[in-house]
Amino acid sequence: MECQEEKPIIYTMENKPIVTCAGDQALFTSLYTSLAQQLPREPMEWRRTYGRAPKMIHLEANFVQFKEELLPKEGNKALLTFPFLHIYWTDCCDSEMYKGSVKEDMMRWQNSLRAHGSADWVIIVVETNDTKKKNKTNILPRSSIVDKIRSDFCNKQNDRCVVLSDPLRDSSRSQESWNSLLLKLRTLLLMSFTKNLGRFEDDMRTLREKRTQPGWSFCDYFMVQEELAFVFEMLQQFEDALVQYDELDALFTQYVLNFGAGDTANWLGSFCAPVSTWSGLLLRRPIDMEKRDGIQRGEASLLDLRSYLFSRQCTLLIFLQRPWEVTQRALELLHNCVQELHLLEVSVLEGALDCWVFLSCLEVLHRIEGCCDQAQLAANSSHTVGLWAYATDKLKSLGELCGLVSGPTSEDLNRTVDLLAGLGDERPETVNSLQSPYKKLKEALSSVEAFQKHYLELSQAAMEMYRAIGRLRSARLVGKSLAEFYMTKGDSERAEAFLQEALMSYVSEGWSLPVTHTRKQIAECQKLLGRTEDYLQTSALLAGDVNLTGEDQNQFCQEIMTFASKSVDQSQKVTISMGVFAQFTRLQFHPSASVHSGATLQVELIFQCLMPMPVQIQQLAASIHFDLEHGGTHGRSKRTKRQLNPGTIEFSKDNSLGGPLSSLAAAPCLELDEFHDRSPSDNSLNSAGVICKNTHLVMRRHDSNSPPNCVSPPSVAMKEGAQMLKVQDVTLEPGNNSIIFTAPSNNPGKYTLRQLCATVGQVQFVLPHIYPSVQYEVYSQEPQLNVEPLSEPLLAGMPQKVKFTLLTGHYELKKGDALQLSNTDTMPILPSASCTACIFNPGAEVVGESVLSIQSSEKVTSICLPPTPPYHTLEFQLEVLCMIPSGPDRPTNERLTNGEVRHRPRSYSHPDTSMTAIDQRMSIDCPWSIYSTLLALTFYVPFKTRHSLLSAGNRKYIQVCVQNVSDLNFTLAELKLAEKQHNSLELQSFNSKAQQLLCSKRSVFCLWEVRWKDELPSCLECVFSTNFSPLNQEVTAYKLFHYQFQLEGVTTLYNVRAEILPPTGEQHCHSGVLCGLEVCITRLTEPAEGEIGDESKTETDGLKTTKLLYEVADSSSNWAVCGKSSGMVSMPMAANTIHKVQIEVMPLFAGHLPFPKIKVLKYLPHTPTLATQPDPDSCVENDSLSLLDKNLDDQADTASIRSRSSVHSVGSGDQQQKGMAMPRLEPFSPGQVFNQSHARQVLVLPSTDDHIMEVNAT
């Protein structure tokens, strides 16, 4: 190859790593093409230092002839001209030739490398068949020449000598040799890159750390780090190259910021020189060598450095296929450059920066258009629209500076010439382009018409892009700038349209100052266009705008007053929103928002007048919507709900009228009201719901093109008539004002304030909808009587006070009106010496007291009521007494005063309390109605009583338990028990105390012994009675309490006695040893007449017998029953007959053990005439009765509370369901069987073999 003695041209994509070639140049030339093509085909993994991620790269090389001048001199650290690898080519196979010339040439080549410190070299020996044929006589084996070369030059690095066999032949051996050679070259080249780049980065890092030392230059460091970026770019590692430029950018930016903070650097002085050229960015060259040379010489300005740096970043980003990042970085660069020039206090001609920014924006856009098609540009307009808008803004600034908006002066022309001179000559790359940034700027500054054309084109393009990507706020901001341009040109109509769109964004987002400024501009346009109504609307908004000065507010307010004082046709009245005139604070009803018909109701409206001066109002009117559906008659629940409403409504600034800003920004609020569907027959509520009263406003389509400044609602027709609130001739002062209306309240119903209108001459301030909804209710209430206890609960058997509350409603109580109460013997009304009634007004204040006259007869109690005005409350108290039912007797039915049959009160257990409840009903005849009112009161019995029969042999005892289930403490006196049918019986009391204290939730037990002379009856009718009164009350307060009950089966029929017999020869029982249990059942009495029935059986000897079932069970597990535990005996029905049963039992523990439990039950066989013959397998055998132990145990325990006719069937439920007659078991009454051994114990000794004794003590 030809020798390249000149310095390589720095042109990024053409640069390749330099590899020198020495030795046989003809040999290398023959192999150059194959080597250059095959070297970059296979990628290599590049492992870098400092933990950076490895990358796969394709290596290329620029092969040049070896010359000593190419070797780097000492101190030269340039990487682009650095030879990374040195190759020596030879195809010598003759030993004489090797010794005569080749060896010496290799030695000179290696000495030169060693002298310059180059250790990256390789010797390639090429073997061909042609060489062998020419030198057959002196040829040596190839291995001998290679061995000599390795011995002479590669004795420690044998891999530095590579053999390439038959490189020009197409064979597997040749291809394998090529692959081996290429792999070695790639490896050595990559090792050289890693070593030399690492050394270069260390040197660069050392240089950067010296930046705080005097004499350090950013430009010198810039060239060093850019050299590294060139190498990365040469290796096609564009991301790493971009990182280098980003680091340079960040470093320079930090120095500029530090300079602005007072920390200066000497080298920054070169960048503070005045700017002489402002030609903009140049992105059409990979490298702007002119600016690079200026940086290298330290003569570049700030704009030159920034332009060159960005151009390199742009080139790399386009290589990386990230063109949209170019636009983002460009916008940041342009803004930052403007700020950096101010921080460095660089002198710049006025308008020069605008020219530079304008040209740069268009240059970036043209560069992006050159690498993207139209579809990509349209889809990514969000990335470029910022540059379009910035260019538009800078062009407008240039137009205003050069007088191209209103017409240039001579001074403006001179300024234009100076700005164009700073642009310099057009660059060669854009000379042939008709739409180059240079030509556009020059043409725009040439005339007023050309400027307007270019400015409108740019503005329209920017707005369309903003709208396309949904950035309406930015589009309207550009439109506002365009409006200001039109205002300057005198085109107010177009200016107003753009200003209205901008105002829409400011209002919706709450920007108060831009809103004020834009409205002033709109007002100016409307005044010039002669739009009086629109101008007054805008003036009203500005008159109450606190962002304006007082003088400006008065000026706009005076405009409204001047128009209002003109005498024109009534049809020409101007309607303006109330929100720009006043702001509601509070609305209050006096006395409340719910009054009865005919009452005086005043509505006080407190609001803030937004006008800056006093305003004379001819009329302030509020229209009222009357809704009869919500009115009418209401009960007490409605009245209670109305009392909760204080009648005051607070208006927030965001609701109601709102201010000039919030009233436009907020969407219509929902006006909700409750809806009731009532039955037309009885006015009962069928359903309830919620309805929206302003659906037509909430659901309407909001037109995005409607101007937000038009705050006036559509013309509202205020209906004249009685349903209006009006005040005349009112002067409103700036700030808070209070207006009082008198509201109509004649007809019952619901009144809603809908609209408000203030009339000032020819101007009407109208509020079409008041929010939140303002309503007041006029009601007509039917009289209502309510009876409720003074204390909960009401106790039966004691005087209790109840309160009568009468709501007169629309009815007026006259003299002679009385309440007629039906009397009952179960709940009499107790007479009272003085009963006072209190009269309350609707405000719950006492307005009068009167003593009631109460007259009682056998059937009716009459209460004379005092005269009471309508819609007042009458309250009084009466004492009633609910009798406690004592027994099952039921007197004949009575009738109430309305003719309805009175049902006797029935006691029942209330689920929410342990007390027994008694419901009492009362019929009341009222003077305002022909119908009687039925009232119910629930009383609770404070006591629960139960009885039991106790036996001790033939002696009988009756026990009565009185339990206090109330929360009061009582005193019981004169506890008595009597038997109603047998006078011969004597009941001896064991109750020694005359008075007994019965506390809450406690019980008192009373005991009597039954004594008789001739014979004890089988059935007893008993009555228990006592006097009771609450604790610490007088004796006269005692009330009588009765409790009736009946006892059956009182006579003791059988006596059961058990004996436990120790084993034979033992004195005591031992645990674990069988013992004998002897059960003796004795008949005590002769059979009574009612006792001889179907269950008895006649034996052959004429004796009546009955069958008994006995069972031995031990629920405490102290005994084990051996053998059968139950059996059936046939017992003669004669006095003193005895039947004995022997059973074997085993004590399980030692100690005094209670006797096993013994039960005796009636065994009733089935009746053959009532059922079919049962299956023999289902009959109950004596041995199988032990299966019923548990059931019989439970039945016997609960026998005392069972009915007398309750029986138990012996057999399964399935057999009973099949209709098969089974034997039955029926327990005896509690007093008919006496277990003599019930509480006896027996001593059980432990077994003699046990070492541990267990004792069970009960």
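Every chain is numbered on its own, with residues counted from 1 as its sequence reads. Totals for whole chains, interfaces and linings use every residue, but because this is a predicted model, local features are given only for residues with pLDDT of at least 70 and side-chain atom pairs only at 80 or more, for both listing and counting. Heavy atoms from the whole structure form the basis of all side-chain values; hydrogens and water molecules are not counted.

### Considering the overall build of the protein chain
The condition that has to hold: In DSSP terms, a helix is any run of H or I states spanning at least four residues, a strand is any run of E spanning at least two, and both are numbered starting from the N terminus. Burial classes follow relative accessibility: with a 1.4 Å probe on protein chains only, a residue under 20% of its type's maximum area counts as buried, one over 50% as exposed, and anything between as partly exposed. Contacts are residue-level and defined by heavy atoms, with any inter-residue pair within 4.5 Å sufficient.
Broken down by element type, the protein chain carries 26 helices and 57 strands. Expressed as a percentage of its 1258 residues, the buried residues of the protein chain come to 46%. Within the protein chain, contacts between residues at least 6 apart in sequence are counted, and of these 73% link residues at least 24 apart.

### A closer look at helix 9 (residues 302–319)
For clarity, the cut-off: One fewer than the residue count of a helix, multiplied by 1.5 Å, yields its expected span.
Helix length check: helix 9, at 18 residues, gives a terminal C-alpha distance of 26 Å against a target of 26 Å (1.5 Å per residue), a fit within 8%. For helix 9, the tally of buried residues reaches 16 of 18 residues, placing the bulk of the element in the interior. Once helix 9 finishes, Gln 321 follows within two positions and takes phi at roughly 60 degrees, a positive value.

### Let's talk about the environment of Met 1128
Tracing the backbone through its elements, the reader meets Met 1128 in strand 50 (residues 1126–1132). Its relative accessible area of 27% is what places Met 1128 among the partly exposed residues. In this structure the C-alpha to C-alpha distance between Met 1128 and Glu 1111, which are 17 residues apart in sequence, comes to 8.9 Å.

### As for the sheet that holds strand 5 (residues 83–90)
Applicable threshold: Whether two strands pair comes down to DSSP finding at least two bridges between them. In this analysis an axis means a line fitted to C-alpha atoms, helices contributing only their contacting stretch, and an angle means the value between N-to-C directions, from 0 to 180 degrees.
Within the open sheet, the five strands sit side by side as 4-1-5-6-7. Their pairing is parallel. This sheet does not close on itself; its edge strands, each paired only once, are strand 4 (62–65) and strand 7 (161–165). Each strand axis lies, on average, 30 degrees off the axis of its neighbour in the sheet, ignoring direction. Alignment of strand 6 (residues 121–127) against strand 7, held across five bridges, turns out to be parallel. Each residue of the ladder has a partner; that of Val 126, found in strand 7, is Leu 164. The sheet contacts of helix 2 (residues 95–115) involve strand 1 (18–23), strand 5 and strand 6, and relative to strand 5 the element is tilted by about 175 degrees.

### Here we look at the environment of Ala 1058
Looking at the secondary structure, you find Ala 1058 in strand 44 (residues 1054–1061). Sequence-wise, Ala 1058 and Val 1079 are 21 residues apart; in three dimensions their C-alpha atoms are separated by 4.5 Å. Once residues within four sequence positions are removed from consideration, Ala 1058 is found in contact with Leu 1077, Glu 1078, Val 1079, Phe 1155, Ile 1158, Ser 1237 and Arg 1240.

### Here we look at the packing of aromatic side chains
Rule in force here: To pair, rings of Phe, Tyr and Trp, with the six-membered ring standing in for Trp, must have centres within 6.5 Å; the planes then decide the type, stacked if under 30 degrees apart, edge-to-face if over 60, and tilted in the middle.
Within the structure shown, the criterion is met by 43 aromatic pairs. Seen from their ring centres, Trp 46 and Phe 232 are 6.5 Å apart, and the 45 degrees between their planes marks the pair as tilted. A residue pair is termed long-range when its members are at least 10 positions apart, and Trp 46 in strand 2 (residues 44–46) and Phe 232 in helix 6 (residues 218–234) qualify at 186 residues. The pair Trp 46 / Phe 232 is uniform in exposure class, with both members buried. With a centroid separation of 6.1 Å and an interplanar angle of 90 degrees, the aromatic rings of Trp 267 and Phe 271 are classed as edge-to-face.

### Re the pattern of salt bridges
Note the cut-off: Any carboxyl oxygen of Asp or Glu within 4 Å of a side-chain nitrogen of Lys or Arg constitutes a salt bridge here.
Within the structure shown, the criterion is met by 38 salt bridges. The salt bridge partner of Arg 322 is Glu 239, with a shortest N-O separation of 2.8 Å. Highlighted residues: Arg 322 in the loop between helix 9 and helix 10 (323–343) and Glu 239 in helix 7 (residues 238–260), separated in sequence by 83 residues. With its nearest N and O atoms 3.2 Å apart, the salt bridge here joins Lys 396 to Glu 484. On the criterion of sequence distance, the pair formed by Lys 396 in helix 13 (residues 381–401) and Glu 484 in helix 17 (residues 472–489) is long-range, its members being 88 residues apart. Of the residues examined, Lys 396 reaches a relative accessible area of 8% and is grouped as buried. A network of salt bridges, in which partner residues are shared, links Glu 239, Asp 246, Arg 322, Glu 325 and Arg 329.

### A closer look at the sheet that holds strand 56 (residues 1233–1235)
One open sheet accounts for five strands, arranged 49-51-46-44-56; its pairing is mixed. Edge positions in the sheet fall to strand 49 (1119–1122) and strand 56, since each has one partner strand and no second. Each strand of the sheet is rotated relative to its neighbour by a mean of 30 degrees, with strand direction disregarded.

### Here's the deal with a nonpolar patch on the surface
The following threshold applies: Here a patch means residues that are over 30% exposed by relative accessible area and free of salt bridges, tied together within 9 Å if like-charged and within 5 Å if nonpolar (Val, Leu, Ile, Met, Phe, Trp, Tyr). Using a 1.4 Å probe, the Shrake-Rupley method yields the accessible areas, and only the shown protein chains count as cover for residues.
A contiguous nonpolar surface patch, about 290 Å² in accessible area, is contributed by Leu 670, Leu 672 and Val 690. Mapping Val 690 onto the fold places it in strand 15 (residues 685–692). Among the residues examined, Val 690 registers a relative accessible area of 63% and is labelled exposed.

### Describing helix 15 (residues 437–444)
The cut-off we apply is this: An arc is given here, and it is the one of the directions from the helix axis to the C-beta atoms.
If you check which residues of helix 15 are buried, you get Pro 437, Tyr 438, Lys 440, Leu 441 and Ala 444. Looking straight down helix 15, one finds that the buried residues subtend no more than 165 degrees of arc, so they occupy a single side. Taken together, the buried residues of helix 15 touch helix 11 (352–371), helix 13 and helix 16 (448–468).

### Some thoughts on the pairing of strand 28 (residues 853–856)
Looking at chain direction, strand 28 and strand 29 (residues 860–864) are connected through four bridges and run antiparallel. Within strand 29, the residue paired with Ser 853 across the bridge is Cys 864. The turn linking strand 28 back onto strand 29 is made up of three residues.

Functional significance is not addressed by these values, which are geometric in nature.
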